[in-house]
Amino acid sequence: MDHTAPIVEDVLGISWLDFNLSNVLMIAIASLIVFVLCVLGARKLQMKPTGTQNFMEWILDFVKGMISDTMDWQTGKVFLPLGLTLITYILVGNIMGVAFMAVFGHDLWWKSPTSDPGVTLSLAAMVILLSNFYGIKVKGAKEYGKEFLKPFPVFLPIKIIEEFANTLTLGLRLFGNIFAGEVLLGLLVGVTTSGVLGFLGGAIPMLAWQGFSLFIGAIQAFIFTMLTMVYMSHKVSSDH
């Protein structure tokens, strides 16, 4: 995949402040798609849901099930909006690069935002920070701080390292799966555009891989959201 990213460097004259315009564009589009889905799902609520409302209610029930599986519902119901936002946003973000990829010049503009490690690690860092925030909010700063000293104070460095490890594994798992899928999809696109024989030999594998990538995108959205609820449960539940 011989393309580059449209990066704006040294924004506002700051040497370390760079922006990947492709990421900014795709994040905005993914957010807009999720917003439109939610508006359509809640615009005309009916007792017998159909169409988008039915789809969104199914996702809502699915997220409720994930929360109930990881913690008490009375404790975890506050995380329902977070879980719904994560699973829909990550799902949309994962499949955006499956349908097609757009390259202008040598810059790749249209892709999955979750195929960039900066995006996935930012999501993971947000989750870990929120889990610690809610841990302090529910248990209190003093009681929550004691959790890092259990079962012995010597475990404090290990508990701190665990927080960073959770961030890396949560973000890099999502990035690795989506990025690898887009790399192979780009190679298959190159084969199909190389000529008649290439098209005949690569069209079916490309369609098959697109279908498989949709499945992987859904699975990764589920895994990310489920692990988020597990981390939240560990922080706010008294039995952990």
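Let me sum up the structure you'll find in this document.

The rules behind each value
- Residues numbered from 1 in each chain as written.
- Predicted model: local features only at pLDDT ≥ 70, side-chain atom pairs only at ≥ 80, totals over all residues.
- Heavy atoms only, no water.
- Helix = DSSP H or I, 4+ residues; strand = E, 2+ residues; numbered from the N terminus.
- Expected span 1.5 Å × (residues − 1).
- Buried < 20%, exposed > 50% of the residue type's maximum accessible area, 1.4 Å probe, protein only.
- Arc of directions from axis to C-beta.
- Polar contact = N/O pair within 3.5 Å; in protein donor to acceptor, adjacent residues only side chain to side chain.
- Phe/Tyr/Trp six-rings, centres within 6.5 Å; stacked < 30°, edge-to-face > 60°.
- 1 Å grid on protein atoms, 1.4 Å probe; cavity = no way out; pocket = protein on both sides within 12 Å on 5 of 7 lines; lining within 4 Å.
- Points joined across faces, edges and corners; volume = space filled by probe spheres on them.
- Nonpolar A, V, L, I, M, F, W, Y, C, P; charged D, E, K, R; others polar.

Notes on helix 2 (residues 51-70)
- Taking 1.5 Å of rise per residue, the 20 residues of helix 2 would be expected to cover 28 Å, and the 30 Å separating its terminal C-alpha atoms lies within 8% of that figure.
- Listed in full, the buried residues belonging to helix 2 are Gln53, Met56, Ile59, Val63, Met66, Ile67 and Thr70. One face of helix 2 carries all of its buried residues, which in axial projection span an arc of 145°. Every exposed residue of helix 2 that faces more than 90 degrees away from the buried side is listed here: Gly51, Trp58 and Asp69.

Thoughts on the side chain of threonine 88
- Inspection of the secondary structure puts threonine 88 in helix 4 (residues 80-99).
- On the basis of relative accessible area, threonine 88 is assigned to the buried category, the value being 8%.

Focus on the environment of glycine 186
- Tracing the chain through its elements places glycine 186 in helix 7 (residues 156-192).
- It is 41 Å that separates the C-alpha atoms of glycine 186 and tyrosine 134, two residues lying 52 residues apart in sequence.

What about helix 5 (residues 117-139)?
- For helix 5, built from 23 residues, the straight-helix expectation of 33 Å at 1.5 Å per residue is met to within 8% by its first-to-last C-alpha distance of 33 Å.
- Taken residue by residue, helix 5 has Val119, Thr120, Leu123, Ala124, Val127, Ile128, Ser131, Asn132, Tyr134, Gly135 and Lys139 as its buried positions.
- Sitting at the amino-terminal end of helix 5 is aspartate 116, which places a side-chain oxygen 2.8 Å from the backbone nitrogen of glycine 118.
- Just past helix 5, the residue glycine 140 takes up positive phi, approximately 90°.

Quick word on the packing of aromatic side chains
- For the coordinates displayed, the defined rule picks out nine aromatic pairs.
- Relative to phenylalanine 212, the ring of tryptophan 209 has its centre 5.2 Å away and its plane inclined at 40°; by these criteria the two rings are tilted. Residue tryptophan 209 and its partner phenylalanine 212 are both found in helix 8 (residues 196-236); the two are separated by three residues, about one turn of the helix.
- For tryptophan 209, a relative accessible area of 22% corresponds to the partly exposed category.
- Taking relative accessible area as the criterion, phenylalanine 212 reaches 39% and is therefore assigned partly exposed.
- Taken together, a centroid distance of 6.3 Å and an interplanar angle of 35° make the contact between phenylalanine 212 and phenylalanine 215 tilted. Taken as a pair, phenylalanine 212 and phenylalanine 215 lie in helix 8 at a separation of three residues, close to a single helical turn.

Notes on unusual backbone geometry
- Here the bond from lysine 150 into proline 151 is cis, since omega is -5°, no more than 30 degrees from zero.
- Considering the arrangement of structural elements, one finds proline 151 in the loop between helix 6 (141-147) and helix 7.

Some points on the layout of surface pockets
- Put simply, the largest pocket is a space of about 330 Å³.
- For the largest pocket, the lining is made up of 14 residues, of which Lys159, Glu162, Glu163, His234 and Lys235 are closest to its centre.
- Counting only elements with at least two residues in the lining of the largest pocket, the list comes to helix 5, helix 6, helix 7 and helix 8.
- It is helix 7 that contributes the most residues to the lining of the largest pocket, four residues altogether.
- Here the residues of the lining of the largest pocket are counted per class, giving four nonpolar, four polar and six charged.

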